[in-house]
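Structure assessment
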Amino acid sequence: MVSKPNRRTVLGVTAGAALPWVLAAPAPATPSAPAATHRRVTVHSPNRRLRVTAGVANGRLWYEVARRGRVLVARSGLGLDLADRPSLTSGLVVESVERRTIDESWRPVWGSDALVRNHARECVLRTVQSASGIQLHLVVRVFDDGVGFRYRLPAQAGLDTYTVTAERTEFALPPDATSWSLAAGTDWRADERHYRQVQLSQVETAQTPLTLVTPGGQHIVVHEAALIDYPSMTLAAETGRPGTFTSELISLPDGTKARLSGEFSTPWRTLTVGDRPGDLAESHLTENLNEPCVLTDTSWISPGTYVGVWWELQRRHTTWTEGPRHGATTERVKQYIDFAREAGASNVLAEGWNTNAGGEWTGQDFLTPQPDFDLLEVLRYARANGIGFIAHNETRGFVDYYEQHLDTIFARYAELGIHTVKTGYATKFVLGGVNRSHYDQEAVRHYQRVIDAAARHKIMINAHEAIKPTGLARTYPNMMTGEGVAGMEQHNYMGRLGNPPEQATVLPFTRYMGGPADYTPGVLNVTWDPAGLGTRVQTTSAAQLALYSVFFSPLQMLADTPENYRSHPGFAYLKDIPASWDETRFLDCVIGDHTVAARRKGRTWYLGAITDEHDRTLRVPLRFLGPGRHRAEIYRDAADTDWHDNPLPIDVRTEVVRSSTVLTLRLVGGGGTAIRFRPARS
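Just so it is clear, the model here is predicted, and its values are computed rather than measured. (Residues numbered from 1 in each chain as written. Predicted model: local features only at pLDDT ≥ 70, side-chain atom pairs only at ≥ 80, totals over all residues. Heavy atoms only, no water.)

Examining the overall build of the protein chain
The helix and strand tally for the protein chain stands at twelve helices and 39 strands. Its C-alpha atoms give the protein chain a radius of gyration of 25 Å, near enough to 26 Å, the size a compact globule of 682 residues would have. Summarising its shape, the C-alpha atoms of the protein chain cover approximately 75 × 60 × 50 Å along the three principal directions. Burial statistics for the protein chain: of 682 residues in total, 61% are counted as buried. Sequence separation of at least 24 residues holds for 72% of the intrachain contacts in the protein chain that already meet a minimum separation of 6. Accessible area of the protein chain: about 23,800 Å², with a carbon and sulfur share of 48%. (Helix = DSSP H or I, 4+ residues; strand = E, 2+ residues; numbered from the N terminus. Rg over C-alpha atoms; globule rule 2.2 N^0.38 Å. Buried < 20%, exposed > 50% of the residue type's maximum accessible area, 1.4 Å probe, protein only. Contact = heavy atoms within 4.5 Å. Areas by Shrake-Rupley, 256 points an atom, 1.4 Å probe, with all protein chains shown as cover.)

Structure follows, in structure tokens:
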């Protein structure tokens, strides 16, 4: 297991590695003259619009962030508390300062853009605590689109093993900013709730990402990057200091935060900054703060859409458990394989395929099929049709068993030609014989062990109820996607209390800032209720199509059933839709109101526009299109569509447009428009 970011070894050049021939490689670090005279340093972004000032005052590290002369983060304290040692929030002096410039480009194995530039100025403040002799370094990296900073504890005498009891990172943010966040939590659904919109001064705790817009129009996201061997960071408001938050790490069962040894670098604490919402969604700052790909061979990692036995289970049309209504039968999964080929999907998921799936979820071994599911025949049929199989591993929180058998399970999957696994950790997380938070240090270590084991056997991972993404897919691109979001199943269980339409306009600038999500969009028959549950999807059908441009995932599900798709005119839009992109643009966006996003694959653009609960008319310039004429295939809500009472009608039309065209999009509340642009023949 690779457990510490600063101990990673790059095993070879891959599709995810840096391309030094595109742009200059990182410049060597330049140390300053030693001594404690360096009380304060300033680091500018490459375009010099963003400025970070950091230093030591009264023995404590601090930092401040300003953009175009406006303070975004006022002076904020930094430091760590280690068990049985003096707090590293006092008695520090600066020993030296080191600077360097990073300027490179790299090609993701998959992503929202085919080429990513990593351009930043970096400064390392080396400090020492005079009384204890403990060294603590602050690494600051400033990009045009934000800031990352982390603590580094170098190898040093007397610090072979140690325990972090608290992290004292402060964020003094504008208290009058409008914010979007989830309340901090430790249970398995802490990240699967609805984002609240309130003034920042009213927020008491928050999961990250925390997103805010200042009165001056600056957009900021507080998050973290490269979360390895460390607990997840939440934020807690400081009493009597409106808008100021301190990092609150998820505790281990004994109340401590992290047990470490030797040299260690914490995850990056990040601030993504922009003038508009689109600047946030288009940013690659989180990925750039992760290490390059460590896999020598990535040819087996393949993004794509998938279908499968899932929504029919959610809607109780069929069951996970064996019996007369069992969903994942040999015959039914073959029907999904036929449909996957028809839809241009890469994979088929079968939930409930293995013995003892469903019910109490106990006694599973993830290798033995249910009696009416012939795994070998299904795999043969899938291979014959060029379709992959996604094996569902719902641990139900029995993590110790899963860890003990990981290599056995994955080795057998590799022998069978299974290269994708959907993991699950619903309800609990029993690891080390203790039911713990899904987000503490040991849980984070477990998720990493799954990624590492999967990579050894050339398996891609889609993780549910797992830790939020922090850009690690750059380093481990077999970590394809994850949940950590109030996704489509919320509509199933909660009906009108499910995801309100505005949530979809919030997610690209909150949850998706860390990485892709398995939201499972694409339910076109939004009123389908075969079991009489009295719940439905709270959007129109056209809005579901638009989500494929608004939400990104390299394993993107077409979540509805084959029968529902084949009877809906919107299915034509989803055939052969890409899941990895060459270019992404977020156009007209107001967080919580509406979002317009466009993504390009080759010469074809896909545009999605969605709105909250209110009708809205948007004018969208098509300047992103290339020269010449383009055929726009438009899927929009019909004139009589109403997301409450008549959500299914959809209007399909085609027109010819140019980059000079300005489209007028009339969106009904809870609705949307999806458009595919292809070069028109002369």
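Digging into helix α7 (residues 441-456)
Taking 1.5 Å per residue as the helical rise, α7 with its 16 residues ought to reach 22 Å, and the 23 Å between its terminal C-alpha atoms agrees with that figure. For α7, the buried fraction is high: 14 of the 16 residues fall into the buried class. Here α7 starts with a cap whose side-chain oxygen sits 3.1 Å from the backbone nitrogen of glutamate 442, and that cap is aspartate 440. Looking at the residues trailing α7, positive phi occurs at lysine 458, about 60°. (Expected span 1.5 Å × (residues − 1). Polar contact = N/O pair within 3.5 Å; in protein donor to acceptor, adjacent residues only side chain to side chain.)

Let's talk about the sheet that holds strand β25 (residues 388-394)
One open sheet holds the seven strands; their spatial order is β30-β29-β26-β25-β24-β23-β31, and the pairing between them is parallel. Looking at which strands have only one partner, the edges of the open sheet turn out to be β30 (479-482) and β31 (555-557). Going across the sheet, the axis of each strand differs from the next one's by a mean of 30°, ignoring polarity. As defined by bridge partners, β25 adjoins strand β26 (residues 420-424) across five bridges and the pair is classed as parallel. Residue pairing in the sheet places alanine 391 in a bridge with valine 421 of β26. Lying over the sheet, helix α6 (residues 399-416) contacts β25, β26 and β29 (460-463), oriented at roughly 165° with respect to β25. (Pairing = 2+ DSSP bridges. Axes fitted to C-alpha atoms, helices over the stretch in contact; angles between N-to-C directions.)

Focus on the pattern of salt bridges
Inspection of every chain in the model, using the stated rule, returns 41 salt bridges. Between glutamate 167 and arginine 269 there is a salt bridge, with the nearest N and O atoms lying 2.9 Å from each other. Of the two residues, glutamate 167 sits in strand β11 (residues 161-167) while arginine 269 sits in strand β22 (residues 268-274), which places them 102 residues apart along the sequence. Using a relative accessible area of 3% as the deciding quantity, one classes glutamate 167 as buried. Relative accessible area serves as the criterion here: at 1%, arginine 269 is assigned to the buried category. Where glutamate 403 meets arginine 449, a salt bridge forms, and the shortest distance between an N and an O atom there is 2.8 Å. Of this pair, glutamate 403 sits in helix α6 while arginine 449 sits in helix α7, and the two are 46 residues apart along the sequence. Note on arginine 449: relative accessible area 25%, which makes it partly exposed. What emerges from the salt-bridge pattern is a single network uniting Glu167, Glu224, Arg269 and Lys468. (Salt bridge = Lys/Arg side-chain N within 4 Å of Asp/Glu carboxyl O.)

A look at the environment of leucine 667
Inspection of the secondary structure puts leucine 667 in strand β38 (residues 662-667). Separated by 464 residues in sequence, leucine 667 and valine 203 place their C-alpha atoms 32 Å apart. Setting aside anything within four residues of it in sequence, one finds leucine 667 in contact with Ala609, Ile610, Thr611, His614, Asp615, Arg616, Leu618, Gly672 and Thr673.

Quick look at the sheet that holds strand β32 (residues 583-586)
Spatially, the six strands line up as an open sheet ordered β32-β33-β34-β39-β36-β37, and their pairing is antiparallel. Two strands close off the open sheet at either side, each with one partner strand: β32 and β37 (650-657). Each neighbouring strand pair of the sheet contributes to a mean axis angle of 15°, computed without reference to strand direction. Taken together, the six bridges between strand β34 (residues 604-611) and strand β39 (residues 672-679) define a ladder with antiparallel strand orientation.

Considering the confidence of the model for the protein chain
Summary statistics for the protein chain give a mean pLDDT of 94 and a share of 94% for residues scoring 70 or more. Below a pLDDT of 50 lies the segment residues 33-38, which in the model reaches ten contacts outside its immediate sequence neighbourhood of four places, other chains included. (pLDDT = per-residue confidence, 0-100.)

Some remarks on the pairing of strand β9 (residues 135-143)
For β9, the tally of buried residues reaches eight of nine residues, placing the bulk of the element in the interior. Judged from the nine bridges that link them, strand β8 (residues 116-129) and β9 form a sheet pairing that is antiparallel. Each residue of the ladder has a partner; that of alanine 120, found in β9, is phenylalanine 143. Counting the residues that bridge the hairpin from β8 to β9 gives five residues, and of these glycine 133 lies at a positive phi of roughly 80°. Bridge analysis of β9 against strand β10 (residues 146-153) gives seven bridges, and the strand direction is antiparallel. Bridge pairing in β10 places valine 142 opposite valine 147.

Looking at the environment of threonine 595
On the secondary structure map, threonine 595 appears in strand β33 (residues 594-601). Separated by 90 residues in sequence, threonine 595 and threonine 505 have C-alpha atoms that sit 5.5 Å apart. In this structure threonine 595 touches Thr505, Phe509, Val550, Phe586, Asp588, Cys589, Gly608, Ala609 and Ile610, once residues within four positions along its chain are discounted. One polar contact links the side chain of threonine 595 to the main-chain carbonyl oxygen of threonine 505, over a distance of 3.4 Å.

Quick look at the packing of α6 against α7
Between α6 and α7, the shortest axis-to-axis distance is 9 Å and the interhelical angle comes to 10°. Comparing the axis directions of α6 and α7 gives the class roughly parallel. On α7, the residues that touch Val399, Tyr402, Glu403, Leu406, Asp407 and Phe410 of α6 are His446, Arg449, Val450, Ala453, Ala454 and Arg456. (Parallel < 35°, antiparallel > 145°, perpendicular 65-115°, else oblique.)

Some details on the nonpolar core
Within the largest apolar cluster, 112 residues are counted, with the highest numbers of intra-cluster contacts made by Val333, Trp353, Phe389, Tyr402, Phe410, Tyr413 and Ile461. The residues touching valine 333, leaving out its near neighbours within four places in the chain, are Val309, Ala328, Val348, Ala350, Phe373 and Val378. With 54 residues, the next largest nonpolar core counts Leu50, Tyr63, Leu138 and Val203 among its residues. (Core = buried A, V, L, I, M, F, W, Y, C linked by side-chain atoms within 4.5 Å.)

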